[in-house]
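The chain contents come next:
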Amino acid sequence: LRVSLPAWRPFRPGQHVDVRLTAPDGYQVQRSYSIASAPESQGVLDLTVELVDDGEVSPWFFDVAEPGDTFELRGPIGGPFTWSLEAGGPLLLVAGGSGIVPLMSMLRHRSAANGSSSALLLYSSRSLDDVIYRGEFESLAADPDGPIVLHTLTRAHPEDWTGFTRRIDGDMLADAISGVGDPRHVFVCGPTPFVEAVSVGLVAAGVDTDRIRTERFGPSG
């Protein structure tokens with residue numbers, strides 16, 4: 001979802017915005033969405049909205065909203081879970097499901113700013129069809145200065161799949177750490193159980209806790 005802003009507000013990769021919808025009868029509902037675009041895309045924000053069948057906000061975007069519609073937006077919001085090129089690397093990103101969104105903002109910023117420090121993304125999805133930004137990841141991985149992108153599929157995978165086929169564990173994290181070198185910044189985003197398990201695994205693998213930043217995605221309401 002691309003949102004055109006009447007007044008541009010700079011943001012840092014990893015931040016989010018609050019979206020508020022108001023019904024004709026005055027009923028209001030609000031949800032938070034991470035920014036997916038890079039700060040270099042001035043004037044617009046890209047939000048990645050996952051459809052929740054019984055949700056109050058996401059079905060409006062999928063079934064009702066049309067180009068030109070307006071809604072209220074507050075932000076950008078968030079501080080510790082942010083990264084910019086000036087912070088340096090190496091950079092290790094670990095995502096589960098839709099937790100990829102704020103991390104994608106970081107990778108898009110790195111690409112737009114011509115960053116060359118080491119970066120590696122380890123992304124867990126249920127199946128290949130569930131990989132968000134799949135085509136863009138292929139392009140990023142083909143760039144000589146692009147990040148290393150590792151996928152693991154936890155429920156179903158093609159017969160010719162050569163990536164990981166299990167939940168992220170200690171061995172997988174060790175491979176990711178060795179692939180990027182000693183990570184200076186580590187960002188983990190996904191459902192709460194995922195984030196907790198990955199955080200424990202990173203510490204067990206020798207990553208200092210002060211280098212790890214986490215953000216948990218959970219059900220709304």
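In the block above lies the structure referred to throughout.
Before going into details, it helps to say that this report is about the structure given with it. Keep in mind it's a predicted model, so treat the numbers as computed, not measured. (Residues numbered from 1 in each chain as written. Predicted model: local features only at pLDDT ≥ 70, side-chain atom pairs only at ≥ 80, totals over all residues. Heavy atoms only, no water.)

### Examining the overall build of the chain
As a reminder, the rule being used: The numbering of helices and of strands both runs from the N terminus, where a helix is a DSSP run of H or I of at least 4 residues and a strand a run of E of at least 2. A radius of gyration in this sense is built from C-alpha atoms; the matching globule rule multiplies 2.2 Å by the number of residues raised to 0.38. Partly exposed residues are those whose accessible area sits between 20% and 50% of the maximum for their type, while under 20% is buried and over 50% is exposed, using a 1.4 Å probe and protein chains only. Pairs of residues are marked as contacts when any of their non-hydrogen atoms sit within 4.5 Å. Areas reported as accessible are Shrake-Rupley estimates using a 1.4 Å probe. Residue values count occlusion only from the protein chains shown. Counted as positive: Lys and Arg. Counted as negative: Asp and Glu. His and the chain ends are not counted at all. For this purpose, a charge sits on NZ of Lys, CZ of Arg, CG of Asp or CD of Glu.
A count of helical and extended segments in the chain gives 5 helices and 10 strands. For 221 residues, the compact-globule estimate of 2.2 N^0.38 gives 17 Å, and the chain sits close to it at 18 Å. Looking at the chain residue by residue over its 221 residues, the buried ones come to 42%. Long-range pairs, those at least 24 residues apart, make up 71% of the contacts in the chain with a sequence separation of at least 6. For the chain, the exposed surface amounts to about 11,600 Å²; the carbon and sulfur share of it is 48%. Here the chain contributes 17 positive and 29 negative side-chain charges, whose respective centroids are spaced 6 Å apart.

### Notes on the packing of helix α2 (residues 100-112) against helix α3 (residues 134-142)
The condition that has to hold: What counts as an axis is a line fitted to C-alpha atoms, over the stretch in contact for a helix, and the angles between N-to-C directions run from 0 to 180 degrees. Note on convention: the crossing is left-handed when the near helix lies turned anticlockwise from the far helix by less than a right angle, right-handed when the turn is clockwise. Gly is put with the polar residues, along with every residue not named as nonpolar or charged; the nonpolar set is Ala, Val, Leu, Ile, Met, Phe, Trp, Tyr, Cys and Pro, and the charged set is Asp, Glu, Lys and Arg.
As a packed pair, α2 and α3 sit with axes 12 Å apart at the nearest point and diverge in direction by 35 degrees. At the point where α2 passes α3, the crossing takes the left-handed sense. On α3, the residues that touch Ile100, Met104, Leu107, Arg108 and Ser111 of α2 are Glu136, Phe137 and Leu140. Among the residues making up the contact of α2 with α3, the classes are represented as 5 nonpolar, 1 polar and 2 charged.

### Regarding the sheet that holds strand β8 (residues 148-153)
Going by this rule: Strands were regarded as paired on the criterion that DSSP finds at least two bridges between them.
Taking strand neighbours across the sheet as the criterion, the 5 strands line up as β8-β7-β6-β9-β10 in an open arrangement whose pairing is parallel. In this open sheet, the two strands that pair with only one neighbour each are β8 and β10 (212-217). Across the sheet, the mean angle from the axis of one strand to that of its neighbour is 10 degrees, orientation sign disregarded. Looking at chain direction, strand β9 (residues 185-191) and β10 are connected through 6 bridges and run parallel. Paired with Val188 across the strands is Thr214, a residue of β10. Those strands touched by helix α4 (residues 170-180) are β6 (91-96), β7 (119-125) and β8, and its axis lies near 155 degrees from that of β7.

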